[in-house]
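# Coordinate inspection notes
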Amino acid sequence: MFHAPAAPRPRKRSKPGEDSVSRREEATFQDVRIFLVERKMGRSRRSFLTQLARSKGFVVEDILSDAVTHVVSEDSQSSSLWPWLKSRSLSDLSTVNVLDISWFTDSMREGRPVPVETKHLIQDILPEAPKAAPVNKVSQYACQRRTTIENNNRIFTDAFEVLAENYEFNEIEGRCLAFRRAASVLKSLPWAVRSVGATQDLPCLGEHTKAVMKEILQYGRSFEVEKILSDERCQTLKLFTSVFGVGPKTAEKWYRRGLRSFSDVLAQPDIHLNRMQQSGFLHYGDISRAVSKAEARAVGNIIDEAVHVITPNAILALTGGFRRGKDFGHDVDYVVTTTELGKEENLLISIIESLKKQGLLLFSDYQASTFDLSKLPSHRFEAMDHFAKCFLILRLEGSRVEGGLQRAQGDGRGWRAVRVDLVSPPADRFAFTMLGWTGSRMFERDLRRFARLERRMLLDNHALFDKTKVLFILGCTKIFTHKGSHYTIFTLVLRV
DNA sequence: AAAATA
DNA sequence: ATTTTGGG
DNA sequence: TGAAAC
């Protein structure tokens, strides 16, 4: 074995008559300290070489310590040398020369330590580096995946989303997340999965998810998914939560009362819908219908006109799914602010007032800013950012939409209702707000997880902190002028 | 449910 | 085997 | 005071 003596032996006193050798031993090559590895060399050869080297003025250490600069082994092919060295708890192995015997014999011949060359080095066998073909591995973090609008694996992702939603209704968060992650990974693939074997190197796919995929590949459907889809509770909760203002708690409450349809709910005299839910039912048809890109732009024009009456220095930026390139969405998201710092505080109030005057405001829930830069990062648990924001339902006239409205069959009206969200950060928080409102749910989640786990940083919609709570300020709009992928955006943020 | 950590 | 999973 | 809004 690689056995090193337990204790350093005291250096042998040089005999009389060897004075010249002795002087050289004390003075020469002090900065080169050799350790000879006994394995393959044998004890007797090791001690012979040790004596030889010392007689030529080399320093040879008996034990492997941090003082050693040159490790010499006869066993250059050995795959166990490096693991053994690593197990010796040296403070910095990277500064030690690990050499084969040729360096030693060259040095003996020259009578001095020869410079270390590549041919002398015993290289660490790196973890199978070129063997496993450098197939760019799919990251487990959604923020590191380049995901296009096309979904080549919808048959699987639809199934996973049904399972995830079911776990969500049953408040099993972990499994819900696992299926959402699996769906997200498959959405990022530029190819369609045709066999379970093809998912070999993909993250976030395990036993259960692969079993579901196998079923779908084999029979075209998953029986587990079908069971959920035919489940009355699941169907009812899905129906109820599809109403704006009705979340899982309210849906569950109604379900437990035995209610199964909207007319059941509306017929209850003791159910008092809040303002949000009233609007949700009133505009149900419109706001559950997809919003087109043209409609999103038309909404932008309306906001733009309203905001430019208030300030000439307004900044208006489309975010959400449309910014990611989607052709349809369930709502329209804009970030709106002004270059005059502090003036953004009342911007939304003014916009809402203007919309109301024009008769375009069907619903408004305004939330004033609670943002305080000096109190970051936030110490209370909060799902949302602290910027001023509003959740609106707007009346969108067909005449304002290029190419016309998305309308239901037999709809004779010249308008439709659209869900619109506006956020208004101070201008110096614009970039973080864009980052926070542009990503998909999974992207945003993994952005935060990645920052914390891989970079030891803390990211939210306001700022990026390192663990010592030093604030990173980001240079605003520039990175968003060219449409970058998610990955590009994040890389830039972390490098600022 | 899957991955990371203990 | 236990903990984490977005946001202390 | 939860629940919903992202």
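Quick caveat: nothing in here was measured; it's all calculated off a predicted structure.

## Focus on the protein's contact with DNA strand B
Near DNA strand B, the surroundings consist of Gln 140, Gly 174, Arg 175, Ala 178, Phe 179, Pro 203, Cys 204, Leu 205, Gly 206, Glu 207, His 208 and Thr 209. Taking all atoms of DNA strand B within 4 Å of the protein, the share assigned to sugar and phosphate is 79%. Interatomic distance of 2.8 Å between a backbone N/O atom of Cys 204 and a phosphate oxygen of DNA strand B. In this structure, Gly 206 approaches DNA strand B through a main-chain N or O atom, which is 2.6 Å from a phosphate oxygen. Contributions of two or more residues to the surface near DNA strand B are made by α6 (173-187) and α7 (207-219). Here the surface near DNA strand B is composed, by residue class, of 5 nonpolar, 5 polar and 2 charged.

## Quick notes on α6
Helix length check: α6, at 15 residues, gives a terminal C-alpha distance of 21 Å against a target of 21 Å (1.5 Å per residue), a fit within 8%. Those residues of α6 not exposed but buried are Cys 176, Leu 177, Phe 179, Ala 182, Ala 183, Ser 184, Val 185 and Leu 186. Check the buried side of α6 and you find it contacts α5 (154-169), α7 and α18 (441-455).

## What to know about the sheet that holds strand β4 (residues 97-100)
Within the open sheet, the 4 strands sit side by side as β2-β1-β3-β4. Their pairing is parallel. Sheet topology places β2 (59-61) and β4 at the edges, where each strand pairs with a single neighbour. Averaged over all adjacent pairs, the angle separating strand axes in this sheet is 35 degrees, with direction ignored. Strand direction decides the pairing type here: strand β1 (residues 33-36) and strand β3 (residues 70-73), joined by 3 bridges, are parallel. Bridging from a neighbouring strand, Ile 34 pairs with His 70 of β3. Against the sheet, helix α4 (residues 101-110) engages β1, β3 and β4, with an angle of about 80 degrees to β4.

## A look at helix α9 (residues 232-241)
Of all the positions in α9, only Arg 233, Cys 234, Thr 236, Leu 237 and Phe 240 are classed as buried. Summarising the axial view, the buried residues of α9 lie within an arc of 165 degrees, below the 170-degree limit, and thus occupy one face.

## What to know about the environment of Asn 301
Note that Asn 301 resides in helix α14 (residues 293-310). Considered as a pair, Asn 301 and Val 96 are 205 residues apart in the sequence and their alpha carbons are 66 Å apart.

## Here we look at the confidence of the model for chain A
Detailed reading of predicted coordinates is not advised where the pLDDT is low. On average, chain A scores 85 in pLDDT, and the residues at 70 or more come to 84%. Long-range and interchain partners of residues 469-496, a stretch whose pLDDT sits below 50, account for 52 contacts in this model, where long-range means more than four residues apart.

## A closer look at the sheet that holds strand β8 (residues 332-338)
Pairing is mixed in the open sheet, where 5 strands are placed in the order β6-β8-β11-β10-β9. Each of the sheet's edge strands pairs with one partner strand only, and the pair in question is β6 (314-318) and β9 (361-367). Averaged over neighbouring strand pairs, the angle between their axes works out to 25 degrees when direction is ignored. Bridge count between strand β10 (residues 388-397) and strand β11 (residues 415-424): 10 bridges; the pairing is antiparallel. Looking at the pairing, Cys 390 lines up with Leu 422 of β11.

## Looking at the environment of Phe 35
Here Phe 35 is to be found in strand β1. Judged by its relative accessible area of 2%, Phe 35 falls in the buried class. Between the C-alpha atoms of Phe 35 and Glu 168, which are 133 residues apart in sequence, the distance is 61 Å.

## Looking at the UniProt feature "binding site: Mg(2+)" (unreviewed entry) in chain A
According to UniProt, the feature "binding site: Mg(2+)" (unreviewed entry) maps to Asp 331, Asp 333 and Asp 421 in the numbering used here. Separation in sequence by 91 residues is not matched in space for these annotated residues, since their most distant C-alpha atoms are only 7.4 Å apart. Given the relative accessible area of 8%, Asp 331 is considered buried. Discounting residues that sit within four places of it in the chain, Asp 331 has contacts with Val 291, Phe 322, Arg 419 and Asp 421.

## A few points about the packing of α5 against α7
Closest axis-to-axis distance for the α5/α7 pair is 10 Å, and the angle between their directions is 135 degrees. The orientation of α5 with respect to α7, classified from their angle, is oblique. Here the hand of the crossing between α5 and α7 comes out right-handed. Between α5, through Ile 155, Phe 156, Ala 159, Phe 160, Leu 163 and Tyr 167, and α7, the contact on the second element is made entirely by His 208, Thr 209, Val 212, Met 213, Ile 216 and Leu 217.

## A short note on the packing of α9 against helix α10 (residues 248-256)
Contact geometry of α9 with α10 gives a least axis separation of 9 Å together with a crossing angle of 130 degrees. Our classification of the angle between α9 and α10 gives oblique. α10 is crossed by α9, and the crossing has right-handed handedness. The residues of α10 that touch α9, namely those facing Glu 232, Arg 233, Thr 236, Leu 237, Phe 240 and Thr 241, are Pro 248, Ala 251, Glu 252, Trp 254 and Tyr 255. Its residues placed into classes, the contact of α9 with α10 shows 6 nonpolar, 2 polar and 3 charged.

## Observations concerning the packing of aromatic side chains
All chains considered together, the criterion is met by 12 aromatic pairs. Where Tyr 167 meets Phe 179, the ring centres are 5.7 Å apart and the plane angle is 15 degrees; that geometry is what we call stacked. In this pair, Tyr 167 is assigned in helix α5 and Phe 179 in helix α6, connecting sequence segments 12 residues apart. No difference in accessibility class separates Tyr 167 from Phe 179, as the two residues are buried. Ring geometry for Phe 262 versus Phe 281: centroids 5.2 Å apart, planes at 90 degrees, classification edge-to-face. Here Phe 262, found in helix α11 (residues 262-266), pairs with Phe 281, found in helix α12 (residues 275-282); they are 19 residues apart in sequence, far enough to count as distant. Accessibility classification places Phe 262 together with Phe 281 in one group, the buried group. The structure contains a cluster of three or more aromatic residues connected by ring pairs, namely Phe 240, Trp 254, Phe 262, Phe 281 and Tyr 284. In this structure, Arg 413 packs its charged tip against the face of Trp 415, placed 4.5 Å from the ring centre.

Criteria and thresholds
Residues numbered from 1 in each chain as written. Chains lettered and ligands numbered in written order. Predicted model: local features only at pLDDT ≥ 70, side-chain atom pairs only at ≥ 80, totals over all residues. Heavy atoms only, no water. Near = heavy atom within 4 Å. Polar contact = N/O pair within 3.5 Å; in protein donor to acceptor, adjacent residues only side chain to side chain. Helix = DSSP H or I, 4+ residues; strand = E, 2+ residues; numbered from the N terminus. Nonpolar A, V, L, I, M, F, W, Y, C, P; charged D, E, K, R; others polar. Expected span 1.5 Å × (residues − 1). Buried < 20%, exposed > 50% of the residue type's maximum accessible area, 1.4 Å probe, protein only. Contact = heavy atoms within 4.5 Å. Pairing = 2+ DSSP bridges. Axes fitted to C-alpha atoms, helices over the stretch in contact; angles between N-to-C directions. Arc of directions from axis to C-beta. pLDDT = per-residue confidence, 0-100. UniProt positions renumbered as here; feature names shortened; annotations may be inferred. Parallel < 35°, antiparallel > 145°, perpendicular 65-115°, else oblique. Left-handed = near helix turned anticlockwise from the far one by under 90°. Phe/Tyr/Trp six-rings, centres within 6.5 Å; stacked < 30°, edge-to-face > 60°. Lys NZ or Arg CZ within 6 Å of the ring centre and 35° of its normal.

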